[in-house]
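Report on the structure
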Amino acid sequence: MLEQQLINGLTLGLIYALIAVGYTMVYGVIQLINFAHGEIYMLGAFFCVTLITAAGLPFYVAMLMAVICCALCGILLDIIAYRPLRRAPRLAALITAIGMSIFLQNLALIIWGSRSKPFPRASLPAYLSEQALVMGQVGLTWLQLFIFAVAIGMMVALFLVIHKTRTGTAMRALAQNRTAAALMGINVNAVISFTFALGSAMGAVAGILVAVYYNTLYPTMGYTAGVKAFAAAVLGGIGSVPGAMVGGVVLGVAEALGAGYVSSLYRDGVAYAVMIAVIVLRPSGILGRAAIDKA
Amino acid sequence: MLELNRVQAFYGTIQALKDVTLTVRSGEIVTLIGANGAGKSTTLMAISSVVAVGGGTIVFEGRDITRLSTDRVVALGITQVPEGRMIFPALTVLENLRMGGYLRRDRAGLRADEEHAFQLFPILKERRKQPGGTLSGGEQQMLAIARALMARPRLLLLDEPSLGLAPMVVEHIFAVIARINTEGTTILLVEQNAQMALQVAHRGYVLETGRVVMSGAAADLLADPKVREAYLGDGT
Ligand SMILES: Nc1ncnc2c1ncn2[C@@H]1O[C@H](COP(=O)(O)OP(=O)(O)OP(=O)(O)O)[C@@H](O)[C@H]1O
Ligand SMILES: [Mg+2]
């Protein structure tokens, strides 16, 4: 029972973590809470399903293409909505982010309708829904293993990009001091675009995994997931990438335990309670160290 | 090499630069001195295109760079060591240096220049794995200069390299500045420490509330009674 809750919590938590890194990276480089990030996550799921049903692509190919499309959407979102406001007061960009979130949600409603759709399971490799591991009462499906592998793999890859590549280092430099980064010859806008692309790609993967896991997708799915992932990013210390990863997992596990042992009605409440507790007790988050740990 | 022609700059409605006209010739050390708030940093930031130029022109090696983006200016060969050093506190010393060479692709040259930087400032080699933010003020200034040199600039802009440093460290930094210049880099040096700056420079300009009010050979400025009274603490 406990083990099963932990496994479910971990699955959910890894998905939150994937979304949360997008919030935290963008916050790190331009100090903006990109509220439209949840909508990119939603678009990931819809692009993937559309590519499967309308274009007849196999699941893995559709997933890859949907992720690339979302990376481009993220770049576009920044160029169209946020770049013109780079020198404006932060509140202007924040309100624009909320506006873009509402806009994208409604665009999805127009294109795909308001009813939730099932994921086209026929396109999935059959083994994904089989049990991979059964130990007594505890079971782990191949799908859960797939989610673990993809999520952890992406986070390791992200870590390597941020810490071992020239552009990743430029991203961290930019987060620490934008003027100094520009004085190094770093094309600030290009690095910001790169950040949006990375974060959006991770968010899109999360959206697809969730749609498969719960077998459903709908235009407003980005809202709750977005708020939870944002909570996870705050929990870990906004601006800190490892923090977002840890925050996501902690939140997912807390939620699953709360839902399992108290009442599933409290599922969402647990997330907010945890976030409020962190803000009261340790405002910089679990791994936040004021400004020094950015990106 | 560099010509500023009646350059103006604004922060909102405040005019920080009213009329800055100056020339830096290839191979020189030129210093720009002036009181707090005179517009020295703003002049360097205007050259680097961090601050938008509101009027006038900036020409580098015959090319108008007035409205280029900052990264384009760096690519043309102008690198700045900004006031307050602005090193990246959470990047290691080595990563800071790598960012200095961001636009270069010649791995072998970069490696050689890293070694050269460590030769100029041996302490940086000891600290190369440490986050930049853990260095002392003097070490941070050394890192900021070393980082700028990684770009192999033809023109180096230095903003108050002596600020807040112990006299011994200042001596060292100025010796390095002279050495960098003899190795072929042209330098535009902004300083509050006018004495040191005029000793190392070939020529100088005096800036007062956004305007160049005096210029000449460094030795002449050093001997000028007005300069001595205003900037060298000769109150008598
Ligand atoms: N970001 C800013 N916003 C508004 N005004 C500014 C800003 N930066 C500088 N100023 C103003 O512009 C003028 C010139 O400033 P600048 O920093 O160029 O002077 P400075 O000669 O470098 O002085 P210091 O010796 O203190 O470094 C000053 O009056 C200053 O108050
Ligand atoms: Mg200054």
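Residues numbered from 1 in each chain as written. Chains lettered and ligands numbered in written order. Predicted model: local features only at pLDDT ≥ 70, side-chain atom pairs only at ≥ 80, totals over all residues. Heavy atoms only, no water.

Along the backbone of chain B there are 10 helices and 10 strands. Here the C-alpha radius of gyration of chain B, 17 Å, is about what a compact globule of 236 residues would show, namely 18 Å. Per-residue burial over chain B gives 55% buried out of 236 residues. As displayed, chain B offers around 10,100 Å² of accessible surface, 51% of which is attributable to carbon and sulfur atoms. (Helix = DSSP H or I, 4+ residues; strand = E, 2+ residues; numbered from the N terminus. Rg over C-alpha atoms; globule rule 2.2 N^0.38 Å. Buried < 20%, exposed > 50% of the residue type's maximum accessible area, 1.4 Å probe, protein only. Areas by Shrake-Rupley, 256 points an atom, 1.4 Å probe, with all protein chains shown as cover.)

Segments scoring low in pLDDT should not have their predicted coordinates read at a detailed level. Mean pLDDT over chain A: 90, with 97% of residues reaching 70 or higher. Here residues 290–295 of chain A is a poorly scored stretch, pLDDT under 50, and it has 16 contacts once near neighbours within four places are set aside; other chains count. (pLDDT = per-residue confidence, 0-100. Contact = heavy atoms within 4.5 Å.)

Residues and elements named next belong to chain B. Around ligand 1 lies a shell of 13 residues, among which Gly37, Lys40, Ser41, Thr42 and Gln192 are the nearest. One of the side-chain nitrogen or oxygen atoms of Asn36 is found 2.8 Å away from an oxygen atom of ligand 1. One nitrogen or oxygen atom from the main chain of Ala38 is found 3.2 Å from an oxygen atom belonging to ligand 1. Alone, ligand 1 offers 630 Å² of accessible surface; in the complex the protein occludes 62% of this. It is helix H1 (residues 40–47) that contributes the most residues to the shell around ligand 1, three residues altogether. Tallied by class, residues from the shell around ligand 1 come to four nonpolar, six polar and three charged. (Near = heavy atom within 4 Å. Polar contact = N/O pair within 3.5 Å; in protein donor to acceptor, adjacent residues only side chain to side chain. Nonpolar A, V, L, I, M, F, W, Y, C, P; charged D, E, K, R; others polar.)

Looking now at the packing of aromatic side chains. Inspection of the entire model under this criterion finds 11 aromatic pairs over all chains. Judged by centre distance (6.1 Å) and plane angle (85 degrees), the rings of Tyr127(A) and Trp142(A) are edge-to-face. A residue pair is termed long-range when its members are at least 10 positions apart, and Tyr127(A) in the loop between helix H4 (90–112) and strand S1 (131–135) and Trp142(A) in helix H5 (residues 142–164) qualify at 15 residues. Judged by relative accessible area, which is 38%, Tyr127(A) ranks as partly exposed. Aromatic ring contacts, followed pair by pair, group Phe59(A), Tyr60(A), Phe119(A) and Phe146(A) into a single cluster. The ring of Phe88(B) has Arg147(B) lying over it, and the distance from NZ or CZ to the ring centre is 4.9 Å. (Phe/Tyr/Trp six-rings, centres within 6.5 Å; stacked < 30°, edge-to-face > 60°. Lys NZ or Arg CZ within 6 Å of the ring centre and 35° of its normal.)

Bringing the interface of chain A and chain B into the picture now. Taken together, the contacts link 19 residues of chain A with 21 residues of chain B. When chain A packs against chain B, the two sides together hide about 1,900 Å² of surface, and 65% of this comes from carbon and sulfur. Interface area lost by chain A to chain B is led by Arg166(A), Leu183(A) and Met184(A), which between them contribute 39%. Counting across the chain A and chain B interface gives one salt bridge. With a shortest N-O distance of 2.8 Å, Arg172(A) and Glu95(B) are connected by a salt bridge. Across the chain A-chain B interface, the total number found is three residue pairs in polar contact (both at pLDDT 80 or more). Elements that contribute at least two residues to the side of chain A that touches chain B include exactly helix H6 (166–176) and helix H7 (178–183) of chain A. The greatest single-element share of the side of chain A that touches chain B, amounting to six residues, is contributed by H6(A). Partitioning the side of chain A that touches chain B into residue classes produces 10 nonpolar, seven polar and two charged. (Buried area = accessible area lost by both parts, 1.4 Å probe. Salt bridge = Lys/Arg side-chain N within 4 Å of Asp/Glu carboxyl O.)

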